[in-house]
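Structural overview for review
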Amino acid sequence: MSKDPYQVLGVSRDASDEEIKRAYRELARKYHPDNYTKDNPLADLATEKMKEINEAYDTIRDMRSGRAGSNSPIYAQIRQMINAGRFADADTELEKIAASERSAEWHFLKSTVYMRRGWTNDALNELNIACSMDPSNEEYRRTREMFQSRAAGYGGTYYDMNRTGRQQQAGGCSTCDMCSGLLAADCCCECLGGDLISCC
């Protein structure tokens, strides 16, 4: 399902769990396949709509319980934006997700956006959160290991361009922020299926 699950259910992102459940039940009553005979031309459409409604409801429940992972439709869309180089759009979509719904996948994707912007300290912080929330996730662990091993290859530290645009040192190394930012971005790029710096 590529649609926003909240739009499918016709509720806002700030809706309470009870409001979401009520919206789901109303739609389920309206579109349940049992309401349509097999020879009704709308039967197939109702079946598809009911499938979409069920997926939307399950997605929202998973996100709110912190179980939403890389297979979540919203996060899949954000990954596509990142892969297409649409970092501002990806960040906008991430920020739309309420703090109470932010899963390990949210923090991982946020770290990727930060890395692409050269905010390596913020990126590593988000990556550490993702790993602590889902320690068994191989993708998150591998990205952090790649990030740390490449940083170690350049003296173990790096410079970071902070959000005010001023350079801040993240250790005692003289490596420039541009190089460290590219290395960090390459780590996430490879984990998302691309390759920003082919020689690394």
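Residues numbered from 1 in each chain as written. Predicted model: local features only at pLDDT ≥ 70, side-chain atom pairs only at ≥ 80, totals over all residues. Heavy atoms only, no water.

Section: the environment of P33
Selection rule: A run of H or I in DSSP becomes a helix once it reaches four residues, and a run of E becomes a strand once it reaches two; helices and strands are each numbered from the N terminus. Each residue's exposure class comes from its accessible area (1.4 Å probe, protein chains only) as a fraction of the maximum for that residue type: buried when under 20%, exposed when over 50%, partly exposed otherwise. Residue contacts are defined here by distance: any two heavy atoms, one from each residue, within 4.5 Å place the two residues in contact.
Structurally, P33 is set in the loop between α2 (17-31) and α3 (43-64). For P33, a relative accessible area of 29% gives the class partly exposed. Measuring from C-alpha to C-alpha, the distance between P33 and L45 comes to 9.0 Å, with 12 residues separating the pair along the chain. The residues touching P33, leaving out its near neighbours within four places in the chain, are T47 and M50.

A word on the confidence of the model for the protein
Basically, it comes down to this: Every residue is assigned a pLDDT by the predictor, reflecting its confidence on a scale from 0 to 100.
Looking at the protein as a whole, the pLDDT averages 75, with 69% of positions reaching at least 70. Low pLDDT (under 50) marks residues 155-180, which in the prediction has 53 contacts with non-local residues, meaning those over four places away or in another chain.

Description of helix α7 (residues 120-133)
Defined as follows: To estimate how far a helix should extend, the number of its residues minus one is multiplied by 1.5 Å.
For α7, which comprises 14 residues, the first-to-last C-alpha distance of 20 Å matches the rise-based estimate of 20 Å (1.5 Å per residue) to within 8%. For α7, the full list of buried residues reads T120, N121, D122, A123, L124, E126, L127, A130 and C131.

Description of the pattern of salt bridges
Put simply, the rule reads: A carboxyl oxygen of Asp or Glu within 4 Å of a side-chain nitrogen of Lys or Arg is what we treat as a salt bridge.
Applying the stated rule across the entire model yields 11 salt bridges. When the shortest N-O distance is used, the salt bridge between E139 and R79 registers 2.8 Å. Of the two residues, E139 sits in helix α8 (residues 138-153) while R79 sits in helix α4 (residues 73-83), which places them 60 residues apart along the sequence. The pair E139 / R79 is uniform in exposure class, with both members buried. In this structure, the salt-bridge partner of E138 is R141, at a minimum N-O distance of 2.7 Å. With E138 and R141 both in helix α8, this residue pair falls 3 residues apart, about one helical turn.

Regarding the side chain of T112
Checked against the element boundaries, T112 lands in helix α6 (residues 104-117). For T112, a relative accessible area of 0% puts it in the buried group.

Description of the packing of aromatic side chains
What counts is decided by this rule: Only rings of Phe, Tyr and Trp enter the pairing, Trp through its six-membered ring, and a pair is recorded when the two centres are within 6.5 Å. The plane angle decides the type: under 30 degrees is stacked, over 60 is edge-to-face, the rest tilted. Two limits define a charge over a ring: the Lys NZ or Arg CZ must be within 6 Å of the ring centre, and within 35 degrees of the ring normal.
For the structure on display, the rule yields 3 aromatic pairs. For the ring pair Y24 and Y57, a centre distance of 4.2 Å and an interplane angle of 10 degrees mean the geometry is stacked. Here the residue Y24 occupies a position in helix α2, and Y57 occupies one in helix α3, the gap between them amounting to 33 residues. For Y57, a relative accessible area of 11% corresponds to the buried category. Seen from their ring centres, Y114 and W119 are 5.5 Å apart, and the 45 degrees between their planes marks the pair as tilted. Exposure remark for Y114: the relative accessible area of 6% places this residue in the buried category. Over the ring of Y31 we find K49, and its NZ or CZ is 5.7 Å from the ring centre.

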